[in-house]
Protein chains: 2
Amino acid sequence: MKANVLIVEDESPILELLALNISQAGYNPLRAISAEHAEKLINEALPDIILLDWMLPGMSGIDFAKKLRSNTLTKTIPIIMLTARSDELDKVRGLEVGADDYITKPFSPRELNARIKAVLRRKAPELTEDLLKINGLELDPVSHRVSGNNKPLEMGPTEFRLLHFFMSNPERVYSRSQLLDKVWGSQIFIEDRTVDVHIRRLRNILTQSQHEGLIQTVRGSGYRLSTK
Amino acid sequence: MKANVLIVEDESPILELLALNISQAGYNPLRAISAEHAEKLINEALPDIILLDWMLPGMSGIDFAKKLRSNTLTKTIPIIMLTARSDELDKVRGLEVGADDYITKPFSPRELNARIKAVLRRKAPELTEDLLKINGLELDPVSHRVSGNNKPLEMGPTEFRLLHFFMSNPERVYSRSQLLDKVWGSQIFIEDRTVDVHIRRLRNILTQSQHEGLIQTVRGSGYRLSTK
DNA sequence: GATCGTATGACATTTATATGACATTTTAAT
DNA sequence: ATTAAAATGTCATATAAATGTCATACGATC
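So, here is what we can say about the structure in this document. Within each chain, residues carry numbers counting from 1 in the order of the written sequence. For naming, the first written chain is A and the first written ligand is 1, with later ones following in the order written. Side-chain atom pairs in this predicted model are given and counted only at pLDDT of 80 or more, local residue features only at pLDDT of at least 70, and totals for whole chains, interfaces and linings cover all residues. Heavy atoms from the whole structure form the basis of all side-chain values; hydrogens and water molecules are not counted.

Examining helix α2 (residues 35-44) of chain B
Residue and element names in this part refer to chain B.
Here is step 1 of the chain: Any residue under 20% of the maximum accessible area for its type is buried, any over 50% is exposed, and the rest in between are partly exposed; the area is computed with a 1.4 Å probe on protein chains only. Helix numbers and strand numbers start at the N terminus; a helix is a DSSP run of H or I with at least 4 residues, a strand a run of E with at least 2. Buried residues of α2: A35, A38 and I42, and no others. Looking straight down α2, one finds that the buried residues subtend no more than 55° of arc, so they occupy a single side. Away from its buried face, by an angle of more than 90 degrees, α2 presents the exposed residues K40, N43 and E44.
Here is step 2 of the chain: Where α2 is buried, its residues contact β1 (4-8), β2 (28-32), β3 (49-53) and α3 (61-70). Starting at the helix axis, one direction is taken to each C-beta atom, and the arc is that of these directions. The contact definition used throughout considers only heavy atoms, calling two residues in contact when any of these lie within 4.5 Å.

Remarks on the protein's contact with DNA strand C
Here is step 1 of the chain: Any residue with a heavy atom positioned within 4 Å of a molecule or strand is treated as near that molecule or strand. By nearness alone, 21 residues border DNA strand C, and T217 and Y223 of chain A together with T217, G220 and Y223 of chain B come closest of all.
Here is step 2 of the chain: Atoms of DNA strand C within 4 Å of the protein belong to the sugar or the phosphate in 65% of instances, the rest to bases.
Here is step 3 of the chain: In the analysis that follows, any N or O atom pair within 3.5 Å is treated as a polar contact, provided that within protein one partner can donate a hydrogen and the other can accept it, and provided that, for residues neighboring in sequence, both atoms belong to side chains. Within the contact set of DNA strand C, a sugar or linking oxygen lies 3.3 Å away from a side-chain nitrogen or oxygen of R219 of chain A.
Here is step 4 of the chain: Between a phosphate oxygen of DNA strand C and a side-chain N or O atom of R176 of chain B, the distance comes to 3.3 Å.
Here is step 5 of the chain: Taken together, the residues of the surface near DNA strand C break down into 3 nonpolar, 4 polar and 14 charged. Note on residue classes: Ala, Val, Leu, Ile, Met, Phe, Trp, Tyr, Cys and Pro are nonpolar, Asp, Glu, Lys and Arg are charged, and everything else, Gly too, is polar.

Thoughts on the pairing of strand β7 (residues 137-140) of chain A
Residue and element names in this part refer to chain A.
Here is step 1 of the chain: By the alternation rule, side chains of β7 split into L137 and L139, which are all buried, and E138 and D140, of which none is buried.
Here is step 2 of the chain: Strand pairing follows a simple DSSP-based rule, namely that at least 2 bridges must link the two strands. Where strand β6 (residues 132-134) and β7 come together, 3 bridges link them in antiparallel fashion. Directly across from K133, in β7, lies its bridge partner E138.
Here is step 3 of the chain: If you look at the hairpin formed by β6 and β7, you'll find 2 residues sitting between the two strands, and N135 has a positive phi there, around 55°.
Here is step 4 of the chain: Bridging between β7 and strand β8 (residues 145-148) involves 4 bridges; their strand directions are antiparallel. When the bridges of β8 are listed, L137 appears paired with G148.

Quick word on the interface of chain A and chain B
Here is step 1 of the chain: Across the boundary between the two partners, chain A contributes 25 residues, which contact 18 residues of chain B.
Here is step 2 of the chain: Buried area between chain A and chain B, summed over both chains or domains, comes out near 1900 Å², and the portion from carbon and sulfur atoms is 51%.
Here is step 3 of the chain: For salt bridges, the criterion is a side-chain nitrogen of Lys or Arg within 4 Å of an Asp or Glu carboxyl oxygen. One salt bridge in this structure joins E171 of chain A and R145 of chain B, with 3.0 Å as the shortest N-O distance.
Here is step 4 of the chain: Counting residues per element, the ones that place at least two in the side of chain A that touches chain B are α7 (176-184) and β10 (215-218) of chain A.
Here is step 5 of the chain: A class-by-class count of the residues in the side of chain A that touches chain B yields 6 nonpolar, 10 polar and 9 charged. Note on definitions: buried area is the accessible-area loss of two parts on being combined, 1.4 Å probe, summed for both.

Observations regarding the sheet that holds strand β2 (residues 28-32) of chain A
Residue and element names in this part refer to chain A.
Here is step 1 of the chain: Strand order in the open sheet made by the 5 strands is β2-β1-β3-β4-β5, with parallel pairing throughout. One side of each edge strand has no neighbouring strand; the edge strands of this open sheet are β2 and β5 (101-104). Pairwise comparison of adjacent strand axes, ignoring direction, gives a mean angle of 20° for this sheet.
Here is step 2 of the chain: With 4 bridges connecting them, strand β1 (residues 4-8) and strand β3 (residues 49-53) associate as parallel partners. Pairing of L6 across the sheet is with I50, part of β3.
Here is step 3 of the chain: Interaxial angles span 0 to 180 degrees and are taken between N-to-C directions of axes, which are lines fitted to C-alpha atoms, for helices over the stretch in contact. Strands in contact with helix α1 (residues 12-24) are β1, β2, β3 and β4 (79-83); relative to β2, the strand with the most contacts, it is inclined by about 165°.

Notes on the pattern of salt bridges
Here is step 1 of the chain: Per the stated rule, a full pass over the model turns up 15 salt bridges over all chains.
Here is step 2 of the chain: A salt bridge links E16 of chain B to R31 of chain B; the shortest N-O distance between them is 2.9 Å. Linking E16 of chain B in helix α1 (residues 12-24) with R31 of chain B in strand β2, this pair joins segments that are 15 residues apart in sequence.
Here is step 3 of the chain: A relative accessible area of 38% means that E16 of chain B is categorised as partly exposed.
Here is step 4 of the chain: K67 of chain B is paired through a salt bridge with E39 of chain B; the nearest N and O atoms lie 2.7 Å apart. Of the two residues, K67 of chain B is situated in helix α3 and E39 of chain B in helix α2; the sequence distance between them amounts to 28 residues.
Here is step 5 of the chain: For K67 of chain B, a relative accessible area of 40% puts it in the partly exposed group.
Here is step 6 of the chain: One network of salt bridges, in which partners are shared, links R69, D100 and K123 of chain A.

A word on the environment of L131 of chain A
Here is step 1 of the chain: Mapped onto the fold, L131 of chain A is located in the loop between α5 (109-123) and β6.
Here is step 2 of the chain: Excluding residues that lie within four positions of it along the chain, L131 of chain A makes contacts with E138, L139, D140 and P141 of chain A.

Observations concerning the pairing of β1 of chain A
All names here are of chain A.
Here is step 1 of the chain: Across the 5 residues of β1, 4 count as buried, placing the element largely inside the fold.
Here is step 2 of the chain: Two elements, β1 and β2, share 5 bridges in a ladder whose sense is parallel. Note on β2: the bridge partner recorded for V8 is A32.
Here is step 3 of the chain: Handedness of the crossover joining β1 and β2 through α1: right-handed. Seen with its strands pointing away from the viewer, a crossover is right-handed if its path from the first strand over the helix to the second goes clockwise.

Section: unusual backbone geometry
Residues and elements named next belong to chain B.
Here is step 1 of the chain: Even without being glycine, H144 reaches a positive phi, approximately 60°.
Here is step 2 of the chain: Checked against the element boundaries, H144 lands in the loop between β7 (137-140) and β8 (145-148).
Here is step 3 of the chain: The backbone phi angle of Q210 is positive, close to 55°, even though this residue is not glycine.
Here is step 4 of the chain: Here Q210 is to be found in the loop between α8 (192-206) and β11 (215-218).
Here is step 5 of the chain: Accessibility expressed as a relative area gives 62% for Q210, which makes it exposed.

Section: the packing of helix α2 (residues 35-44) of chain A against helix α3 (residues 61-70) of chain A
Residue and element names in this part refer to chain A.
Here is step 1 of the chain: Axis separation between α2 and α3 bottoms out at 10 Å; the angle between their running directions is 25°. Taken together, the axes of α2 and α3 are roughly parallel relative to one another. For the crossing formed where α2 meets α3, the hand is right-handed. Between α2, through A35, A38, E39 and I42, and α3, the contact on the second element is made entirely by F64, K67 and L68.
Here is step 2 of the chain: Split into classes, the residues belonging to the contact of α2 with α3 amount to 5 nonpolar, no polar and 2 charged. For classification purposes, an angle smaller than 35 degrees is called roughly parallel, one larger than 145 roughly antiparallel, one from 65 to 115 roughly perpendicular, and anything else oblique. Here a crossing is taken to be left-handed if its near helix is turned anticlockwise relative to the far helix by less than a right angle, and right-handed if that turn runs clockwise.

Here it is as structure tokens:
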């Protein structure tokens with residue numbers, strides 16, 4: 001599950017540079033040369049994060065950010081602003097319209113990737129590759145392995161993604177619909193009740209290391225991973 | 001809290017078929033036989049989602065979609081286009097004018113309902129996520145947990161919502177019908193006296209941490225959450 | 001003490017979740 | 001290509017929890 005990074009930048013060389021960088025960092029770059037172009041891409045599939053140039057022909061970056069923030073569908077997508085100069089005023093305005101971070105050109109690839117990672121970790125931790133440990137339960141996104149109290153646990157892909165998501169967002173209730181969106185994907189059409197079945201499968205597997213209590217039912221609301 | 005689904009379809013048998021389906025799926029169907037007719041209905045009450053036939057007499061579906069998108073009031077209403085053929089070009093044009101999804105005839109009831117659900121679940125409004133604390137009583141909307149003096153308190157969904165509402169609006173009296181509106185929902189037909197029962201249930205639970213006095217009866221008026 | 005509004009316990013019903021089974025689809029191996 | 005194995009989504013049923021209503025008891029107010 002590579003994160004989709006939408007880059008909105010009108011200068012083609014910079015755009016390509018960014019895209020190269022991003023794909024090397026393990027993300028999936030999407031290119032847009034204007035706000036209008038970006039909107040089209042967003043209509044097809046919501047990106048996980050947006051890199052947005054401050055200066056754009058047509059709709060400016062800051063107006064576009066505002067627009068994104070005013071739409072329910074896009075308001076939670078993290079935005080990193082790209083600005084030419086390190087102007088404090090720009091920074092303030094950027095944060096005002098809801099940018100999550102911002103970076104001034106020229107920037108080092110390392111810094112850019114670090115910031116993307118930081119923002120993702122905050123907003124969509126399930127898209128990072130961090131090793132997750134909770135109460136003796138370990139999930140390694142890189143090797144794609146799970147173990148409970150050092151005992152390897154075998155599970156299907158869906159259960160893995162479900163557990164990955166829960167471990168990335170512990171102590172938080174998710175409705176079945178939210179889980180379908182986050183774990184299955186928003187373009188998928190399956191029954192709410194199917195979530196129950198996968199929860200049960202996951203719990204069954206976690207039983208091997210007495211971790212099944214981690215996945216809790218919150219009646220009327222959904223499910224939660226919690227150590228309490 | 002049934003979602004209102006506006007169906008715009010000129011062929012009466014198909015319209016009825018759709019309406020039947022939609023009401024069986026737990027939504028409330030509104031019927032329109034033309035774009036003009038649909039506009040009238042929209043003026044009366046904004047639907048939650050619109051199923052829009054591609055081919056319509058008078059204003060075409062695509063023009064109507066464009067019109068809806070250009071109006072502030074209606075631009076955020078999700079639209080699902082109904083098209084006769086699976087023409088890629090149509091799909092592109094549909095997405096261009098801002099349809100959220102589209103489905104080709106003939107379609108299975110299941111697929112249709114799944115798509116409606118998928119589109120609706122994405123536009124769910126977000127509730128406030130702030131941790132509420134009053135006098136040692138804590139309610140966390142995120143993890144969906146309540147504790148009194150650090151002791152976990154278990155309660156049913158209705159009691160949770162009731163307490164959530166009171167803690168969000170402390171020191172203020174609400175009549176039984178106001179509570180029914182705010183906590184149960186406005187279209188629900190329930191006896192006033194039932195509120196009493198849930199108040200008692202809530203108080204019983206709060207007794208575990210000596211917080212039952214927080215919920216006060218205001219004779220002749222209703223109930224209030226107050227620390228005084 | 002009569003009246004009115006509220007509290008309480010019991011109960012039938014409704015609603016939500018858990019579970020086991022199954023048909024199909026996907027994936028991997030040969 | 002063929003086959004076997006694994007995974008997936010759905011359904012029917014079982015189980016559990018929550019809900020709304022009522023009858024009755026209680027307490028305040030006049």
